[in-house]
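# Observations on the three-dimensional arrangement
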Amino acid sequence: MLRFRSSTIEIKTPAEIEAMRVVGRMAAETLELVDGILRPGITTEDINTFVHEDTIRRGAVPAPLNYKGFPKSVCTSVNNVVCHGIPGPLKLKDGDIINVDITHKYKGFHGDTSATFYIGEPSPDAIRVTEVARRSLELGIAQVKPGGRIGDIGAAIQEYAEAQGCSVVRDFVGHGIGRVFHCEPQVSHVGQYGRGPRMKPGMIFTIEPMINLGSYECEILDDDWTAVTRDGSLSAQFEHTILVTETGHEVLTARTKPLLLSERFPNFPQI
């Protein structure tokens with residue numbers, strides 16, 4: 001999400017945390033189902049229709065729809081689109097990568113998650129940027145614990161991604177989430193260890209690194225939403241909603257099974 005300014009960081013109550021678990025599971029389950037419909041020839045509008053209908057079926061509402069004017073129920077970001085891609089008539093083709101970013105709102109609370117999927121057989125470049133993005137999220141999550149600093153998350157992500165020859169997008173950040181879709185803390189995916197607000201039990205926020213194969217610079221298209229890499233290079237992203245616990249962290253949008261069109265390269269080598 002774009003950078004923003006909000007109030008102080010909220011500490012959730014046990015009841016609020018449980019509500020966030022429920023909506024987080026809902027969003028994760030919808031993302032798992034999306035995995036089953038993706039194929040060459042499907043349009044991003046088809047994906048939007050599926051996500052919208054599945055969200056409503058669960059008794060939730062798609063939080064992106066009409067949020068600050070966003071016209072659809074899900075973000076679909078293909079190839080060089082960094083984030084906030086608007087679904088439409090575009091047909092996916094063999095070799096594409098697509099990030100599907102889902103946010104449900106249920107009983108006043110938000111659950112936010114995304115993954116980048118392979119369509120057909122990916123190129124070596126597509127595998128590289130996607131697997132670096134996946135590992136970047138894992139390393140960022142590993143930094144979440146009481147007493148740690150928010151800057152530790154970005155530092156770990158930046159250290160790894162740049163060592164793999166990729167870049168980390170600066171223009172968009174993770175964010176606090178709960179009854180409000182986007183709030184403090186801002187979670188940059190670049191940074192320095194030991195900097196930023198201290199993490200405390202009860203904080204909930206997203207980590208959602210956007211990793212580019214080329215430069216980290218982005219630009220916004222004329223629709224005022226779609227962010228693309230300035231140099232046209234591929235971009236990939238993964239996102240989870242994370243709770244800081246008394247002993248570490250809990251992934252509130254954890255999936256119960258691998259995404260077959262995404263998690264296909266468990267032995268991706270270090271570059």
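Residues numbered from 1 in each chain as written. Predicted model: local features only at pLDDT ≥ 70, side-chain atom pairs only at ≥ 80, totals over all residues. Heavy atoms only, no water.

## Brief notes about the nonpolar core
- Of all hydrophobic cores here, the largest spans 47 residues; its most connected members are I98, V100, I153, F205, I207 and I211.
- Secondary structure elements with two or more residues in this core: α1 (14-35), α2 (44-57), β4 (97-106), β5 (109-118), α3 (124-142), α4 (150-163), β9 (204-207) and β14 (240-244).
- No other element matches the seven residues that α3 contributes to this core.
- Residues I17, M20, A63 and F181 belong to the second largest nonpolar core, which totals 13 residues. (Core = buried A, V, L, I, M, F, W, Y, C linked by side-chain atoms within 4.5 Å. Buried < 20%, exposed > 50% of the residue type's maximum accessible area, 1.4 Å probe, protein only. Helix = DSSP H or I, 4+ residues; strand = E, 2+ residues; numbered from the N terminus.)

## Concerning the environment of S262
- Within the secondary structure, S262 is located in the segment after β15 (249-251).
- Judged by relative accessible area, S262 falls into the buried class, the value being 0%.
- Separated by 135 residues in sequence, S262 and I127 place their C-alpha atoms 9.8 Å apart.
- Not counting residues up to four positions away in its chain, the partners in contact with S262 are D35, A115, T116, F117, Y118, E131, R134 and F238. (Contact = heavy atoms within 4.5 Å.)

## What to know about empty space enclosed by the protein
- Using the criterion set out here, one finds one cavity of 30 Å³ or more in the structure.
- Along the wall of the largest cavity there are 17 residues; nearest its centre are C75, H84, D101, F181 and H182.
- When the residues that make up the lining of the largest cavity are grouped by side-chain class, the tally is eight nonpolar, five polar and four charged. (1 Å grid on protein atoms, 1.4 Å probe; cavity = no way out; pocket = protein on both sides within 12 Å on 5 of 7 lines; lining within 4 Å. Points joined across faces, edges and corners; volume = space filled by probe spheres on them. Nonpolar A, V, L, I, M, F, W, Y, C, P; charged D, E, K, R; others polar.)

## Re the sheet that holds strand β12 (residues 227-229)
- The sheet built from three strands is open, its strands ordered β3-β12-β11 with antiparallel pairing. Of all strands in the sheet, those with a lone pairing partner are β3 (81-83) and β11 (218-220), marking the two edges. With direction set aside, neighbouring strand axes in the sheet form an average angle of 40 degrees.
- Sheet analysis places β3 next to β12, joined by two bridges and oriented antiparallel. Counted as the bridge partner of V81 is V228 from β12. (Pairing = 2+ DSSP bridges. Axes fitted to C-alpha atoms, helices over the stretch in contact; angles between N-to-C directions.)

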